Amino acid sequence: SGTGQVQLAKSIMQQLLNTPDIKPDDRVWAAAMNVCADALDYQGTIDYINQMQASGHRPNLLHASILLKALALSGQVEMSLRVLEMMTRAEDDGNFTPQDSSLPFRLPRISPYRIALNTVIAACAKADNIPAALSIIERMKDGEFQDPVGGKTIYPDLISYHNILKSCRSPE
């Protein structure tokens, strides 16, 4: 992904998908998605989420985090906020039914980790949507997010606050 050769990476992934005896695992899907994310190709990341699901793979925390990264880096702040809501909705009916049917993909309920939350906070702040960034901070302080591995409450850290403060244009 560091070379920026997205088309080459997509071609290699397509060759893999067309090879009958080899099937990509979660790590391969994540690598392909990450190439797109690093190249600011959020649509390519979404395409891989959809292809992944069509082939029977269920997106996990890594895939959802890469999607959030792709959206944030591409300036798709509103979509990243909707993805965060999709990930944290109260119920998961097992059918990946999104609350927001206008999104071109679906995700199961996936508890985000702090890095993913800070990524969305940074994207909101960079887009001058300080209220949305502060809203995520408040949700963190209220204990809404649980660490997917340890189950502990995720609270804001220095990076969470730094991401907002560095984008403030006035002292108020």
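What the chain contains, in helices and strands, is eight helices and zero strands. Each helix and strand of the chain, placed in order from N terminus to C terminus, yields the pattern α-α-α-α-α-α-α-α. Here the C-alpha atoms of the chain give a radius of gyration of 17 Å, agreeing with the 16 Å that 2.2 N^0.38 yields for 172 residues. Expressed as lengths along the three principal axes of its C-alpha atoms, the size of the chain is roughly 60 × 35 × 30 Å. Residue pairs in contact within the chain that sit at least 24 positions apart in sequence constitute 57% of those at least 6 positions apart. Accessible area for the chain stands at about 9200 Å²; split by element, carbon and sulfur atoms hold 54% of it. The centroid of the 16 positive side-chain charges in the chain is displaced by 3 Å from the centroid of its 19 negative side-chain charges.

Next up on the list: the packing of helix H1 (residues 6-17) against helix H2 (residues 26-38). Two quantities define a packed helix pair, namely the angle between the axes and the distance from one axis to the other. One way to put it is that H1 packs onto H2 with a least axis distance of 9 Å and a crossing angle of 155 degrees. Overall, the two elements H1 and H2 adopt an arrangement that is roughly antiparallel. You can see that H1 and H2 cross each other, and the crossing is left-handed. Contact residues: H1 offers Val6, Ala9, Lys10, Met13, Leu16 and Leu17, while H2 offers Val28, Trp29, Ala32, Val35 and Cys36. Here the contact of H1 with H2 is composed, by residue class, of 10 nonpolar, no polar and one charged.

Right, let's get into the pattern of salt bridges. Two side chains that carry opposite charge are able to pair once their charged atoms sit near each other. Under the defined criterion, the tally for this structure stands at seven salt bridges. Of the charged contacts in the structure, one is a salt bridge between Asp25 and Arg27, with a shortest N-O distance of 2.9 Å. Across the pair Arg139 and Glu85 runs a salt bridge, and its minimum N-O distance is 2.5 Å. Taken together, the residues span a long stretch of sequence, with Arg139 in helix H7 (residues 130-141) and Glu85 in helix H5 (residues 77-88) at a distance of 54 residues. Overall, Arg139 belongs to the buried group, its relative accessible area being 13%. Overall, the relative accessible area of 33% leaves Glu85 in the partly exposed class. A single network of salt bridges, built from pairs that share partners, joins Glu85, Arg139 and Glu144.

Time to look at the layout of surface pockets. A volume near 230 Å³ is recorded for the largest pocket. Residue assignment for the lining of the largest pocket shows that the elements contributing at least two residues are helix H4 (61-73) and helix H6 (114-126). The element that contributes the greatest number of residues to the lining of the largest pocket is H6, accounting for four residues. The residue inventory of the lining of the largest pocket, partitioned by class, reads six nonpolar, three polar and three charged.

Analysis parameters
Residues numbered from 1 in each chain as written. Predicted model: local features only at pLDDT ≥ 70, side-chain atom pairs only at ≥ 80, totals over all residues. Heavy atoms only, no water. Helix = DSSP H or I, 4+ residues; strand = E, 2+ residues; numbered from the N terminus. Rg over C-alpha atoms; globule rule 2.2 N^0.38 Å. Contact = heavy atoms within 4.5 Å. Areas by Shrake-Rupley, 256 points an atom, 1.4 Å probe, with all protein chains shown as cover. Lys, Arg positive; Asp, Glu negative; His and termini not counted. Charge placed at Lys NZ, Arg CZ, Asp CG, Glu CD. Axes fitted to C-alpha atoms, helices over the stretch in contact; angles between N-to-C directions. Parallel < 35°, antiparallel > 145°, perpendicular 65-115°, else oblique. Left-handed = near helix turned anticlockwise from the far one by under 90°. Nonpolar A, V, L, I, M, F, W, Y, C, P; charged D, E, K, R; others polar. Salt bridge = Lys/Arg side-chain N within 4 Å of Asp/Glu carboxyl O. Buried < 20%, exposed > 50% of the residue type's maximum accessible area, 1.4 Å probe, protein only. 1 Å grid on protein atoms, 1.4 Å probe; cavity = no way out; pocket = protein on both sides within 12 Å on 5 of 7 lines; lining within 4 Å. Points joined across faces, edges and corners; volume = space filled by probe spheres on them.

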